[in-house]
Amino acid sequence: MASLVLRNLVKSFGNTEVLHGISLAVDDGEFVVFVGPSGCGKSTTLRLIAGLEETTSGEIEIAGRVVNHLEPKNRNIAMVFQNYAIYPHMTVRKNIGFGLRTSKLSKTERRARLEEVAEILDMTDLLGRKPSQLSGGQRQRVAIGRAMVRDPAVFLFDEPLSNLDAQLRAQMRLEIKKLHQRVGNTIIFVTHDQVEAMTMADRIVIMKDGHIQQVGTPSEVYHRPASTFVAQFIGAPSMNMLAGEAVENAIHLKSGAKINLDLGLKNGLPVIVGVRPDDLHPGGGASILEGTVTVQEPLGPETLVYVDTVNGEVIAKADGRVPPQVGDHVALSADPDCIHVFDAESQEVLTRPL
Amino acid sequence: MYAVNSEIQAASETLPSKHALRKPVNMGQICRWLLLFAGGILMVAPIAYMISTSLKWPHEIYNLSLVPEEPHLENYIYVLEDGRFYGWFINSIIIATITTASNIIFDSLVGYTLCKFRFPGRYIVFIAILSTLMIPTEMLVIPWYLMSQSLGWLDSYWGIMFPGLMTAFGTFLMKQFFETVPDDFIEAARIDGLNELQIWWTVAMPLVRPALAALAIFVFLGNWTAFIWPLIVTNSVEMYTLPVGLSSFGDEADVQWELIMTGAAISTIPTLIVFLVFQRFIIRGVVMAGLKG
């Protein structure tokens, strides 16, 4: 059953339309991550779901009920904010219990629920503390606890990890994922960090300029991006984009190289060829590009090499033990199965590798 | 071993002597201290004179010496035994307390609304409230008087209190402080199921406690020391507030300064208590503790 359905959601602020008809169905218990650059509309979408903003048009359905005209408190959702928004004048116990203020549970049931949540989040010893006595990660857990205690149909997370340092962020990422596996509620998670999206999501929704660009599993959006935007946004370092032209059953790159790909494209059609740095290696089979190594970034097992070519600078991955040196002239090759071809005009994919 | 010892010795030789460690005399620093000292004297002098005068006999009032020739407590006994003083004291307590409570509630309610709600005309309302700050009390006294007269509030608590139950300054102060309360807190409470009034009271108000404390001190002191309006609106001696009552000690021919100063000295006690109670709430950084890492 779908626990959240968005139908043609439009949002305008004054005369500026920021969401242009978003449609999406999220299954019960699914972990969906909205990802995109700043201003793409992901947080606005979340706020519309929460009821913190009014929709201009379109429909939001939560657990089988259209909630457009319901107050946030009646939508059966809970939200974790970027700044945690835990009340500094209340103890952890009160903060977590705050979400139950309006529930119809008895006092004993409330206490049991609160203690259960505190135990899940490993916060039982901290219940008497004030937020100022907690670390960043602990505060984040209190915020999650306050959301969990209400047992909502949908959890909404608005960039909750962006204020944490890198190490803590990785740890919290894991904790949230484990938590989801344990409690199984539907989660909508907003982030601008593609690593968060890839590591946590069951499905990723990639947004740009108020439009959904692609919806798919992490593997789908990585291996079969629908557009140049998705291709470049997901994966680090970004996919290399090379200008080319369809000529008969092949694609001719600016470098003069010919890639044999029978896509049935119109002769002379301008295309963009996308190759991930992970799929582009110095040496190997038939080379598609040549150039001079300008920068070398050793990562241990592999080394990233920046190569200056006729098609501009590209990034390739070399064996970390014997990487080419700066100044070396290298020929780069790629497996034809890993090559993505996009329409140069629409920027949409023409073929997706299997 | 020898090498280590010699190193220690060498190190101690290079240490500057105690005398050399003392910071050089800084003229700027001295000027600053002198200025602060003068300021301090200027602040303390009237209080010192007030207390000194309250301990003097009438004949030495105009002797500017800070130390009374024969200090005594007769003035205190006289003032405290005078039944009128208690009445004025109670009047002042009632008026200052009610106006303080009223300002805390209504100024913050309006400030919160102007700060956190988006509605047409919000800015105009705010400017209109602010613009009333430019009208001096002296100009308002006559309309207030006429209003009190027609409402039958002359010589009553209502009459004394009504102009100060809400202030533009308090509204402005609270609005500015509510700006520092992140919207996330309010939205989180909204999702948690609180209505707007509950959000204001249980979430927003505790977060602006320092501002409330400051407002309470301002309003209490302002009303405690208010003179012109209470003087005009009251007719009977029983309705006088402390400042008005104290000024009535004596007549045109003979002002009993020692009694006025005694009353004034006693009347500072509640203001000190208010300050001591509220100043501990003025702690910075309360709001930020619930945010970020």
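Residues numbered from 1 in each chain as written. Chains lettered and ligands numbered in written order. Predicted model: local features only at pLDDT ≥ 70, side-chain atom pairs only at ≥ 80, totals over all residues. Heavy atoms only, no water.

### Focus on the overall build of chain B
In terms of regular secondary structure, chain B is built from 15 helices and zero strands. Within chain B, the fraction of its 293 residues that count as buried is 38%. In chain B, of all internal contacts separated by at least 6 residues, the share reaching a separation of at least 24 is 71%. A total accessible area of about 17,300 Å² is found for chain B, and carbon and sulfur atoms account for 71% of it. (Helix = DSSP H or I, 4+ residues; strand = E, 2+ residues; numbered from the N terminus. Buried < 20%, exposed > 50% of the residue type's maximum accessible area, 1.4 Å probe, protein only. Contact = heavy atoms within 4.5 Å. Areas by Shrake-Rupley, 256 points an atom, 1.4 Å probe, with all protein chains shown as cover.)

### A word on the pairing of strand β4 (residues 57-62) of chain A
Residues and elements named next belong to chain A. Bridging between β4 and strand β5 (residues 65-66) involves two bridges; their strand directions are antiparallel. If you follow E61 over to β5, its bridge partner there is V66. The turn linking β4 back onto β5 is made up of two residues, and A63 within it adopts a positive phi angle of 45°. (Pairing = 2+ DSSP bridges.)

### Section: the confidence of the model for chain B
All names here are of chain B. Looking at chain B as a whole, the pLDDT averages 85, with 87% of positions reaching at least 70. In this model residues 1-13 is a low-confidence stretch, pLDDT under 50, and it forms zero contacts with partners more than four residues away in sequence or in other chains. This model gives residues 284-293 a pLDDT under 50, and the stretch forms 30 contacts once residues within four places in sequence are excluded. Interface scoring of the predicted complex returns ipTM 0.80; its pTM is 0.78. (pLDDT = per-residue confidence, 0-100.)

### Brief notes about the pattern of salt bridges
Residue and element names in this part refer to chain A. Scanning the entire structure with this criterion turns up 18 salt bridges over all chains. With its nearest N and O atoms 3.8 Å apart, the salt bridge here joins R169 to D193. Remark: D193 occurs in the loop between β8 (186-191) and α6 (194-200) and R169 occurs in helix α5 (residues 166-183); sequence separation between them is 24 residues. We classify D193 as buried; its relative accessible area is 17%. Each of R7, E59 and E61 takes part in a single network of salt bridges with overlapping partners. (Salt bridge = Lys/Arg side-chain N within 4 Å of Asp/Glu carboxyl O.)

### Some thoughts on helix α4 (residues 136-148) of chain A
Each α-helix winds once per 3.6 residues, and so residues spaced three or four apart point in a common direction. With 13 residues, α4 of chain A extends 18 Å between its outermost C-alpha atoms, agreeing within 8% with the 18 Å of an ideal straight helix rising 1.5 Å per residue. Among the 13 residues that make up α4 of chain A, 13 are buried, leaving the element largely enclosed by the rest of the structure. (Expected span 1.5 Å × (residues − 1).)

### A few points about the sheet that holds strand β13 (residues 258-260) of chain A
Residues and elements named next belong to chain A. If you trace the six strands from one edge of the open sheet to the other, you get β13-β12-β11-β14-β20-β21, paired in antiparallel fashion. Both edges of this open sheet fall to β13 and β21 (349-351), since each of them pairs with a single strand only. Averaged over all neighbouring strand pairs, the angle between strand axes comes to 40°, with direction disregarded. Looking at chain direction, strand β20 (residues 340-343) and β21 are connected through two bridges and run antiparallel. Pairing of V341 across the sheet is with T351, part of β21. (Axes fitted to C-alpha atoms, helices over the stretch in contact; angles between N-to-C directions.)

### Brief notes about the packing of helix α5 (residues 83-116) of chain B against helix α15 (residues 257-279) of chain B
Residue and element names in this part refer to chain B. Packing of α5 against α15 leaves a shortest axis separation of 12 Å and a crossing angle of 35°. Seen from above, α5 lies across α15 with right-handed handedness. Contacts between α5 and α15 pair F85, F89 and I93 from the former with G263, I266 and P270 from the latter. When grouped by side-chain class, the residues that make up the contact of α5 with α15 number five nonpolar, one polar and no charged. (Left-handed = near helix turned anticlockwise from the far one by under 90°. Nonpolar A, V, L, I, M, F, W, Y, C, P; charged D, E, K, R; others polar.)

### Comments concerning the packing of aromatic side chains
Applying the stated criterion across every chain yields a total of 19 aromatic pairs over all chains. Summarising the aromatic geometry, the rings of F229 of chain A and F233 of chain A are spaced 5.5 Å apart at their centres and angled 20° between planes, so their arrangement reads as stacked. Placement of the pair is F229 of chain A and F233 of chain A together in helix α8 (residues 228-233), with a separation of four residues, close to one helical turn. Each member of the pair, F229 of chain A as well as F233 of chain A, is classed as buried. An angle of 20° between the planes, with centres 6.2 Å apart, marks the rings of F126 of chain B and F172 of chain B as stacked. Note that F126 of chain B is positioned in helix α6 (residues 122-131) and F172 of chain B in helix α9 (residues 168-178), a separation of 46 residues in sequence. Members of the aromatic cluster, connected to one another through ring pairs, are W144, W153, W158, F162 and W229 of chain B. Note that R146 of chain A overlies the ring of Y87 of chain A, its terminal NZ or CZ placed 4.8 Å from the centroid. (Phe/Tyr/Trp six-rings, centres within 6.5 Å; stacked < 30°, edge-to-face > 60°. Lys NZ or Arg CZ within 6 Å of the ring centre and 35° of its normal.)

### Side note on a negative patch on the surface
Residue and element names in this part refer to chain A. The grouping of E115, E119, D122 and D125 at the surface amounts to a negative patch. Of note, D125 is situated in the loop between α3 (107-120) and α4. Overall, the relative accessible area of 75% leaves D125 in the exposed class. (Patch = residues over 30% accessible without salt bridge, like charges linked within 9 Å, V, L, I, M, F, W, Y side chains within 5 Å. Lys, Arg positive; Asp, Glu negative; His and termini not counted. Charge placed at Lys NZ, Arg CZ, Asp CG, Glu CD.)

### Let's talk about the pairing of β20 of chain A
All names here are of chain A. Across the two faces of β20 the burial is the same, with H340 and F342 and V341 and D343 all buried. Pairing between strand β14 (residues 270-275) and β20: four bridges, direction antiparallel. Among the inter-strand pairings, V271 is bridged to a residue of β20, identified as D343. Counted between consecutive antiparallel strands, the loop separating β20 from β21 contains five residues, among which Q347 sits at a positive phi close to 65°.

### A closer look at the environment of A264 of chain B
Residues and elements named next belong to chain B. By the secondary structure assignment, A264 is in helix α15. Sequence spacing of A264 and L73 is 191 residues, and the spatial spacing of their C-alpha atoms is 14 Å. Contacts of A264, omitting those with residues within four sequence positions, involve M50 and L246.

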